[in-house]
Amino acid sequence: MAATTSDTTTTQPLSISTELSQQILNTHTSLQTHQVDLQHLVKLIESIFENAAAASKGIDQYAKLNNMISSLQTFDEMRQALDDIRSISCEISCNLTAGNVDETTMVLLQRLRNYSWNAKVILAMAAFATSIGELSMVVKHRNTDPIAKTIDILKGHSSTLDFIVLENLGLFNAMMKVVNTNLAFLGTISKIPKESASMEGAVACFPAVTYKILRIVLQIASILSKTVDYNELIRLAKEVSDINIILQQKLELCKKEGEKTAPYQYQYEDVTKRISKLSISEVIGKIKMKIQDSENLRNRHVLYLISDLDISMEEIKVLNSLYQRNDEKYKIVWLPIVDLSTYDAKRFSDLKQLMKWTVVEPFSIELYVIEYIKKEWHFIKKPIAVSVNPGGEMTCQNALLMLWTWGNVAFPFSDKTEQDLWSRIDEQNGWKLDLLLDEHIIPDILSWIETRTFVCLFGGGDISWIQEFTDKVKYAAYAAGVSLKLVYMGNNKSKRLAGNELSREINFLESECQWQFWTRLESILHAKIRYGKTVTSYKTDRVMQEALKVVGYGGTGEAWAMFSMGPGAMVTTNGEMALTIMSNYENWKQETGIRFLEGLKNYKGVISRDVHGCINVHLPVLGQIPGIMICPECSKVMEMFHTYSCCPSN
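Residues numbered from 1 in each chain as written. Predicted model: local features only at pLDDT ≥ 70, side-chain atom pairs only at ≥ 80, totals over all residues. Heavy atoms only, no water.

## Examining the confidence of the model for the protein
Keep in mind that low pLDDT regions are not for reading the predicted coordinates in detail.
Okay, so step 1: Per-residue confidence for the protein gives a mean pLDDT of 79, with 76% of residues at or over 70.
Okay, so step 2: With pLDDT under 50 throughout, residues 263-269 is counted as low confidence; its partners more than four residues away or in other chains account for 26 contacts.
Okay, so step 3: Contacts of residues 644-650 to residues separated by more than four positions or lying in other chains number 3 contacts, the stretch itself having pLDDT below 50. (pLDDT = per-residue confidence, 0-100. Contact = heavy atoms within 4.5 Å.)

Structure, rendered in structure tokens:
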């Protein structure tokens, strides 16, 4: 569609054809994987423009510029942006000779496809400022420096080019105004719901604004490289000003509408400096100010649950169950971290209705508090629960891992508590059924253990494998005279079968119970990583080795099985091995009754001696990158990869 708006502001300078509008939109990706703090870059652009004019007057303002360069280089996230600025600058230089402004504009948009529309304008202007800086140095020294004079001749610069005149024309001023307006939008757009009329109107014009500004930048760069047409520069400066007036009108509408929703300040603030001065007590104090009945939290142990709106229903159900059984030892407060420009009010309302604890409205959480949570508490994507004791001290940066593994026994969620709990588990023989399952997941689990029932947990999405495998297990158990329970646990992250797809003899658990099983396994591994067990004890820590196997099998959708009988250690294997063992029951059938599991284990040891089956493990990153992992199959150090997934179920 053509760029139109839903309000009454004049948009004539933004008029473009429907065909061109679609071409512009096709260059943009909605994922916007490159997000950076551009405030320092904007200051640098302004300083370059100021220095270009000042140099012509013989004024030296380089000290200020040096400080900005130093601060810019300290931001790691700027590296990709700086690379893109250099690429754009090259494209601008190429256009000076080719002269195809429309084609080059589309090339620039393609280069900047992973940035927001507002960021595209700022980065393109930074590339233009680079050209201006280089040009000003040549012009300043061309009458005194032979090298500058030579470059000036080779480049074909006009002898009449005067940066003081450019400044007086208002060219630099107009360009800085439109840059600052786009910067202001970057600070505002995340605070206003995308459904609001003012935001819809603003977003609708962004593609046309970006295209027009980039095109003007190319035109100005081309003019400055040749005989300077000051009348044309005046026209282009006015066009930039007209576009900025439209943007300013839309920004004011957004601010006014936002003020009705939440008491935000809409200037783009330097949150980095602000959060560096914050203490945890100040952050907690700010959060409590947003809670209507904060007196209930006074002198209480509080878990601050932090997530976006993608937190799963299963996670909430399991946490609700734990919370209602915690004997008032702790309170929970949910802090939803959301992008308000894409805020889904219905989703938030649905989640809030499920929760049995205090919920903070997303509009009320200040930007610098959000940035503090991301930087200091290492919140990325996966939910975390920061544990704060009655004295305001943080006892654990993510108590969820302890809750998923130990339940409420983990209170007060400190390293000492967790270490005490792990000290009770025998690393060599602790791989037992009651480590992974409790009566809240399977009500009869303790009875099964006490009566030495043969329990087979298994997963996988291949229904034919499941039918063949369970038939073989039932035959072997019947022949050995042991009681059998089959439990389908699905797979981790991948698609699981529905209950009606399985036979009646198979125990099928609800989705939240399956989720709890897999999350407990992951939490066990995270604990082992945190305490360095993946390097120091990988040969003796059977709990870690077996957990790695199951998570590895389940993460790929591969079939797997675990066998347990009584209070002893379990036997873990992949689906192919499990089927082979049960298919060859005649080869080890001499072990019956209570020695049935021992016979199974011994036969597995015999047939797996010459089998090398390594695994791949996918663990969610919870704030910090996991450490070294040793393969439980071959004892080699496992390679580590970064995997970015937006749709884990696929």
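The structure having been displayed, the exposition proceeds.
## Things to note about the sheet that holds strand β7 (residues 484-488)
Okay, so step 1: Pairing is mixed in the open sheet, where 5 strands are placed in the order β8-β7-β6-β9-β10. Each of the sheet's edge strands pairs with one partner strand only, and the pair in question is β8 (506-508) and β10 (571-574). Strand-to-strand twist across the sheet, computed as the mean angle between neighbouring axes with direction ignored, equals 25°.
Okay, so step 2: As paired elements, β7 and β8 share 3 bridges and run parallel to each other. The partner of Val 487 across the bridge, within β8, is Asn 507.
Okay, so step 3: Against the sheet, helix α22 (residues 511-530) engages β6 (454-459), β7, β8 and β9 (560-565), with an angle of about 90° to β9.
Okay, so step 4: Taken strand by strand, helix α25 (residues 575-583) contacts β6, β9 and β10, and its axis lies near 110° from that of β10. (Pairing = 2+ DSSP bridges. Helix = DSSP H or I, 4+ residues; strand = E, 2+ residues; numbered from the N terminus. Axes fitted to C-alpha atoms, helices over the stretch in contact; angles between N-to-C directions.)

## Re the pairing of β7
Okay, so step 1: Strand direction decides the pairing type here: β6 and β7, joined by 5 bridges, are parallel. Looking at β7, one finds that Leu 457 is bridged to Val 487.
Okay, so step 2: Of the crossover connections in this fold, the one passing from β6 over helix α21 (residues 463-480) to the parallel β7 is right-handed. (Right-handed = clockwise from strand over helix to strand, strands pointing away.)

## A word on the state of the cysteines
By definition, a disulfide links the sulfur atoms of two cysteine residues through a covalent bond.
Okay, so step 1: Taken as a whole and judged by the stated rule, the model has 0 disulfides.
Okay, so step 2: Not engaged in a disulfide, the cysteine Cys 205 finds its nearest cysteine sulfur in Cys 254; these two sulfurs lie 9.1 Å apart. (Disulfide = S-S within 2.5 Å.)

## Points about the pairing of strand β4 (residues 384-388)
Okay, so step 1: The buried fraction of β4 is high, at 5 of 5 residues.
Okay, so step 2: Here β4 shows a buried face lined by Ile 384, Val 386 and Val 388 and a second buried face lined by Ala 385 and Ser 387.
Okay, so step 3: The pairing of strand β1 (residues 301-307) with β4 spans 5 bridges and is classified as antiparallel. From the neighbouring strand, Leu 305 faces β4, where its bridge partner is Ala 385.
Okay, so step 4: Sheet topology note: the β4/strand β5 (residues 394-396) ladder contains 2 bridges and is antiparallel. (Buried < 20%, exposed > 50% of the residue type's maximum accessible area, 1.4 Å probe, protein only.)

## A few points about the packing of α21 against α25
Okay, so step 1: At their nearest, the axes of α21 and α25 sit 9 Å apart, and the two run at 35° to each other. In the packing of α21 onto α25, the handedness of the crossing is left-handed. Counted together, Trp 465, Glu 468, Phe 469, Lys 472, Val 473 and Ala 476 of α21 and Gly 575, Glu 576, Ala 578, Leu 579, Met 582 and Ser 583 of α25 form the full contact between these two elements.
Okay, so step 2: Tallied by class, residues from the contact of α21 with α25 come to 7 nonpolar, 2 polar and 3 charged. (Left-handed = near helix turned anticlockwise from the far one by under 90°. Nonpolar A, V, L, I, M, F, W, Y, C, P; charged D, E, K, R; others polar.)

## A look at the pattern of salt bridges
Side chains carrying opposite charge are able to pair once their charged atoms draw close together.
Okay, so step 1: For the structure shown, the criterion picks out 18 salt bridges.
Okay, so step 2: Between Glu 361 and Lys 352 there is a salt bridge; the shortest N-O distance is 2.9 Å.
Okay, so step 3: The partner of Glu 505 in a salt bridge is Lys 474, and the shortest N-O contact between them spans 3.5 Å. With Glu 505 in the loop between β7 and β8 and Lys 474 in helix α21, the pair connects residues that are 31 residues apart, well separated along the chain. (Salt bridge = Lys/Arg side-chain N within 4 Å of Asp/Glu carboxyl O.)

## So, the sheet that holds β5
Pairing between the strands of a sheet comes from backbone hydrogen bonds, and it takes one of two forms, parallel or antiparallel.
Okay, so step 1: Strands sit in the order β3-β2-β1-β4-β5 across an open sheet of 5 strands; the sheet is mixed. In this open sheet, the two strands that pair with only one neighbour each are β3 (358-359) and β5.

## Some words on helix α13 (residues 280-289)
Okay, so step 1: Among the residues of α13, Val 283, Ile 284 and Ile 287 are the ones counted as buried. Across the axial projection of α13, the buried residues extend over an arc of 95°, all falling on one side.
Okay, so step 2: Contacts from the buried residues of α13 go to β1, β2 (330-336), α16 (367-376) and β4. (Arc of directions from axis to C-beta.)

## Some thoughts on the packing of aromatic side chains
Okay, so step 1: Counted according to the given criterion, the structure contains 27 aromatic pairs.
Okay, so step 2: Consider the rings of Tyr 330 and Phe 411, whose centres lie 6.3 Å apart with planes at 20°: the pair is stacked. Note that Tyr 330 is positioned in strand β2 and Phe 411 in the loop between α17 (400-406) and α18 (415-423), a separation of 81 residues in sequence.
Okay, so step 3: Since its relative accessible area comes to 24%, Phe 411 is described here as partly exposed.
Okay, so step 4: Ring centres 5.4 Å apart and planes at 75° place the aromatic pair Tyr 330 and Phe 413 in the edge-to-face group. You can see Tyr 330 sitting in strand β2 and its partner Phe 413 sitting in the loop between α17 and α18, a full 83 residues away along the chain. Each member of the pair Tyr 330 and Phe 413 is classed as buried.
Okay, so step 5: Three or more aromatic residues joined by ring pairs make a cluster, and in this case those are Phe 454, Phe 458, Trp 465, Phe 469, Tyr 475, Tyr 488, Phe 508, Phe 563, Tyr 585, Trp 588 and Phe 596.
Okay, so step 6: Lying across the ring of Trp 117, Lys 120 places its NZ or CZ 4.9 Å from the centre. (Phe/Tyr/Trp six-rings, centres within 6.5 Å; stacked < 30°, edge-to-face > 60°. Lys NZ or Arg CZ within 6 Å of the ring centre and 35° of its normal.)

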